Amino acid sequence: MWRLRRAAVACEVCQSLVKHSSGIRGSLPLQKLHLVSRSIYHSRHPTLKFQRPQLRASFQQFSSLTNLPLRKLKLSPIKYGYQPRRNFWPARLATRLLKLRYLILGSAVGGGYTAKKTFDQWKDMIPDLSDYKWIVPDIVWEIDEYIDFEKIRKALPDSEDLAKLTPDFDKIVESLSLLKDFFTTGYKLVSEVIGASDLLLLLGSPGETAFRATDHGSESDKHYKKVSDKEKIDQLQEELLHTQLKYQRILERLEKENKELRKLVLQKDDKGIHHRKLKKSLIDMYSEVLDVLSDYDASYNTQDHLPRVVVVGDQSAGKTSVLEMIAQARIFPRGSGEMMTRSPVKVTLSEGPHHVALFKDSSREFDLTKEEDLAALRHEIELRMRKNVKEGCTVSPETISLNVKGPGLQRMVLVDLPGVINTVTSGMAPDTKETIFSISKAYMQNPNAIILCIQDGSVDAERSIVTDLVSQMDPHGRRTIFVLTKVDLAEKNVASPSRIQQIIEGKLFPMKALGYFAVVTGKGNSSESIEAIKEYEEEFFQNSKLLKTSMLKAHQVTTRNLSLAVSDCFWKMVRESVEQQADSFKATRFNLETEWKNNYPRLRELDRNELFEKAKNEILDEVISLSQVTPKHWEEILQQSLWERVSTHVIENIYLPAAQTMNSGTFNTTVDIKLKQWTDKQLPNKAVEVAWETLQEEFSRFMTEPKGKEHDDIFDKLKEAVKEESIKRHKWNDFAEDSLRVIQHNALEDRSISDKQQWDAAIYFMEEALQARLKDTENAIENMIGPDWKKRWLYWKNRTQEQCVHNETKNELEKMLKCNEEHPAYLASDEITTVRKNLESRGVEVDPSLIKDTWHQVYRRHFLKTALTHCNLCRRGFYYYQRHFVDSELECNDVVLFWRIQRMLGITANTLRQQLTNTEVRRLEKNVKEVLEDFAEDSEKKVKLLTGKRVQLAEDLKKVREIQEKLDAFIEALHQEK
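Residues numbered from 1 in each chain as written. Predicted model: local features only at pLDDT ≥ 70, side-chain atom pairs only at ≥ 80, totals over all residues. Heavy atoms only, no water.

## Some words on the state of the cysteines
- What the rule picks out here adds up to one disulfide.
- The disulfide partner of C874 is C892, and the gap between their sulfur atoms is 2.0 Å. One quick way to see it: the torsion about the S-S bond of C874 and C892 is about -100°, and its sign makes the bridge left-handed. Separated by 18 residues along the polypeptide, C874 in the loop between α31 (848–873) and α32 (878–882) and C892 in the loop between α32 and α33 (893–937) bring together distant segments of the chain.
- Take C874: its relative accessible area is 0%, and that puts it in the buried class.
- Free of any disulfide, C871 has its nearest neighbouring cysteine sulfur in C874, separated by 6.6 Å. (Disulfide = S-S within 2.5 Å. Helix = DSSP H or I, 4+ residues; strand = E, 2+ residues; numbered from the N terminus. Buried < 20%, exposed > 50% of the residue type's maximum accessible area, 1.4 Å probe, protein only.)

## Details of the confidence of the model for the chain
- In the predicted model, the chain carries a mean pLDDT of 75, and the fraction of residues at 70 or more is 68%.
- Segment residues 185–226 is flagged for pLDDT under 50; beyond a separation of four residues in sequence, or across chains, it makes 88 contacts in the model.
- The model gives residues 271–278 a pLDDT under 50, and that stretch makes six contacts with residues more than four places away or in other chains. (pLDDT = per-residue confidence, 0-100. Contact = heavy atoms within 4.5 Å.)

## Digging into the packing of helix α21 (residues 608–625) against α33
- Running from amino to carboxyl end, α21 crosses α33 at an angle of 170°, the nearest separation of the two axes being 10 Å. By the criterion of interaxial angle, the relationship of α21 to α33 is roughly antiparallel. Here α21 contributes F612, K616, I619, L620, V623 and I624 to the contact with α33, which in turn contributes E925, V928, K929, L932, F935 and A936.
- The class makeup of the residues in the contact of α21 with α33 is nine nonpolar, no polar and three charged. (Axes fitted to C-alpha atoms, helices over the stretch in contact; angles between N-to-C directions. Parallel < 35°, antiparallel > 145°, perpendicular 65-115°, else oblique. Nonpolar A, V, L, I, M, F, W, Y, C, P; charged D, E, K, R; others polar.)

## A short note on the pattern of salt bridges
- This model, assessed by the stated rule, comprises 42 salt bridges.
- Put simply, R860 and E652 hold a salt bridge, and the shortest N to O gap is 1.7 Å. Of the two residues, R860 sits in helix α31 while E652 sits in helix α22 (residues 631–659), which places them 208 residues apart along the sequence.
- The shortest N-O distance in the salt bridge between R741 and D738 comes to 3.3 Å. Separated by three residues within a single helix, R741 and D738 lie in helix α26 (residues 735–749), roughly one turn from each other.
- Each member of the salt-bridge network shares a partner with another, and the members are E778, K810, E814, R861 and K865. (Salt bridge = Lys/Arg side-chain N within 4 Å of Asp/Glu carboxyl O.)

## Structural notes on a negative patch on the surface
- Taken together, the side chains of E398, E930, E933, E937, D938 and E940 make up a negatively charged region of the molecular surface.
- The element best represented in the negative patch is α33, accounting for three residues.
- Position of D938 among the secondary structure elements: in the loop between α33 and α34 (939–945).
- Classification of D938 as partly exposed rests on a relative accessible area of 30%. (Patch = residues over 30% accessible without salt bridge, like charges linked within 9 Å, V, L, I, M, F, W, Y side chains within 5 Å. Areas by Shrake-Rupley, 256 points an atom, 1.4 Å probe, with all protein chains shown as cover. Lys, Arg positive; Asp, Glu negative; His and termini not counted. Charge placed at Lys NZ, Arg CZ, Asp CG, Glu CD.)

Quick look at the structure:
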């Protein structure tokens with residue numbers, strides 16, 4: 001009974017030990033216990049049957065190092081058979097003591113290692129929230145100002161006191177070592193029972209860090225193979241790399257989800273679901289400030305020092321590709337080896353519900369998700385670049401402003417500059433290299449500009465030009481971010497990978513930088529999408545030796561990490577410098593306002609655009625004044641101008657030839673023929689020219705005449721330019737000549753003078769015309785023969801030799817006319833010879849051509865005097881005219897001719913006046929409006945035409961006020977975002 005009771009107790013103890021074993025899951029049946037336990041505790045158990053155990057028992061092992069492969073343990077030989085009941089009390093005592101040692105050390109050391117490994121796994125699974133520090137309120141980061149952590153630290157016990165509370169593992173190990181020595185003498189006996197391998201495992205060295213439970217029912221145990229330190233390091237690096245990539249994928253997935261959610265929210269706001277007006281984003285406000293500053297003439301010692309991200313690099317280094325990866329769209333023109341960026345392009349990145357792009361001066365939106373819109377955008381950028389480049393140049397400093405919006409875009413302002421070149425090739429302007437350097441320096445010398453230095457990793461570093469330029473502008477590297485592109489080609493082609501590491505660490509170049517990044521911008525295919533490039537970049541770095549060998553850090557690769565770093569640096573620089581810039585513009589505004597008050601105290605501060613609007617209203621009022629000119633005034637000036645234009649032709653080509661005829665019938669026939677020819681060919685055109693010139697003169701008179709005290713001479717150049725351009729664009733109605741020709745022809749055919757008043761008016765008109773012509777002839781003769789005797793005596797003037805010859809010739813011709821007052825208009829050959837011989841007899845040598853020229857003027861004067869005498873006789877000839885000069889020696893057909901000319905002039909003037917007031921003045925007003933609209937859109941014209949210190953001062957004052965207001969609004973929004 002005593003033995004049965006003892007066996008039952010032993011069975012319960014054994015089962016409890018099996019249940020609490022850390023190496024076996026669940027409970028095992030009694031038959032599967034180890035042979036030692038069965039032989040000691042259950043030798044008399046009634047259900048016990050001896051059977052050969054299986055060589056490989058199935059069991060499941062557990063460890064915190066679940067990723068490491070399990071090592072097979074070497075089984076130790078076991079003796080089988082019936083064990084007689086013997087009293088092995090030393091073995092029983094050793095077994096129980098060793099079990100106690102196993103439980104204590106296994107629980108303490110193995111449990112501690114397991115806890116540490118579990119903590120490390122949890123720590124790796126938690127994403128790095130350093131990029132989201134802005135989400136946490138500032139009070140969390142400033143909590144040390146409110147809580148005295150020093151007092152708390154002093155109140156806590158020291159590390160030495162805490163160490164006293166922990167068990168002394170050295171003493172435990174030492175005691176166990178003594179215990180091992182004590183049982184060394186019984187080693188052989190115990191090894192026969194439990195096996196040598198199991199004893200070595202139980203009596204392991206004190207430095208062992210973890211234990212694995214074994215199956216007590218198996219015949220042998222498994223051992224670990226010894227792993228070298230190098231393999232452990234490689235394994236840990238591999239796990240670290242996979243963890244980082246896993247974290248990267250998790251973060252990208254979360255960002256993608258966040259991007260979609262923000263897109264939905266913004267779309268709902270656009271549709272007005274929330275019924276609230278969206279405020280302008282910070283980056284858009286900041287971009288507007290930069291746009292205003294780009295047009296501002298930096299004077300009064302105020303310069304633009306606001307931050308921008310300036311993208312510089314050698315030609316074809318991948319600047320544009322990096323910028324496109326940040327913008328997430330292929331938006332720039334592309335060319336293999338050809339210079340495509342010909343002027344700076346300012347790209348403002350901001351968040352929005354749709355991925356679109358639009359220019360600063362245009363309302364058209366380009367959908368960046370559609371290939372046709374992308375192609376149109378690239379074409380438009382290329383056209384704008386070529387338009388900015390002046391003739392004879394290759395690049396231009398004029399900036400193209402482009403806004404790109406889309407879900408998940410990092411908010412910042414980037415400026416893509418033309419690539420730096422080393423040699424000017426054919427087709428380029430000779431100063432292209434210097435121009436690119438000057439443009440790059442102008443942007444990089446801004447002390448707050450962030451320089452994004454792009455270096456091609458596929459070419460030799462010694463061929464780089466931009467690094468020297470960047471090191472000159474930022475020698476300490478306080479605002480430079482270095483980017484190595486085409487790393488895939490670099491890893492493939494570079495013989496020494498350590499060279500890439502030297503580049504990334506900044507040891508190869510003389511320049512310094514805030515950060516160094518390595519990116520891949522695709523496989524070189526221009527049609528490759530952004531998503532394909534991202535996948536290729538991620539795949540490359542996942543398999544790259546540069547990461548596996550720790551030459552590159554995970555945060556130094558991919559354009560996504562680059563854009564995050566650049567955005568953080570950009571906003572940090574903005575927050576540090578924007579208030580200082582606002583203060584400088586406040587001081588500038590005060591200086592400008594003081595200068596205006598001292599120089600122009602009674603004038604309003606009108607800038608160039610406001611002055612242009614004021615001048616525009618004045619010009620339009622003056623054009624309207626043309627319609628207020630009286631019809632009488634129009635007809636008088638038109639008739640007078642037209643007669644001045646045609647009088648020479650009428651007298652020389654119509655009246656004089658007809659007056660040489662012998663009778664009135666021939667006179668009238670000659671007049672009719674010449675008038676018909678004149679009307680068909682010349683007269684309508686001359687009339688239209690006169691009308692157009694008259695309109696110009698009246699328009700100019702209204703535009704240029706002073707307006708008294710209200711006249712502002714600052715508008716004179718603008719008015720003159722508007723007048724010239726409007727007149728240049730104006731063209732008289734083509735149908736005016738045809739209708740005018742018919743009217744003039746009908747007027748000249750009429751010969752019926754109705755009353756004495758019209759007859760007298762015609763005689764008066766004829767006398768005026770003949771007297772004006774006689775006066776001109778007298779002046780011509782005086783210039784030909786020189787001063788007469790009175791002027792020679794009174795004014796001490798003498799005749800020249802030529803004038804003396806002309807005078808002698810004139811006297812000779814006048815003698816011939818006195819002999820024959822009805823001499824025809826032309827000299828005969830014998831008459832010319834007679835005159836020449838008479839002059840030669842007096843010692844005057846003359847040429848026949850000189851005689852003819854002198855005769856022309858002499859005969860004209862004689863004819864005009866005779867005509868005026870005849871005109872006086874015709875004053876009382878209206879009675880004979882009514883009788884058609886029948887039975888009368890007085891014939892006044894020349895008076896009828898001048899009446900016909902006078903009547904034609906009056907009818908033509910009336911017709912032209914109607915065309916002017918009804919049509920041409922309105923068309924001129926329309927042209928003036930078009931010219932003013934064109935000038936309003938042409939800023940260069942306004943700058944050229946509206947000049948002066950007053951204009952420039954008002955312009956600067958307005959711009960400074962606008963900049964200050966925008967900066968103040970931006971600073972306020974920036975503080976609200978904090």
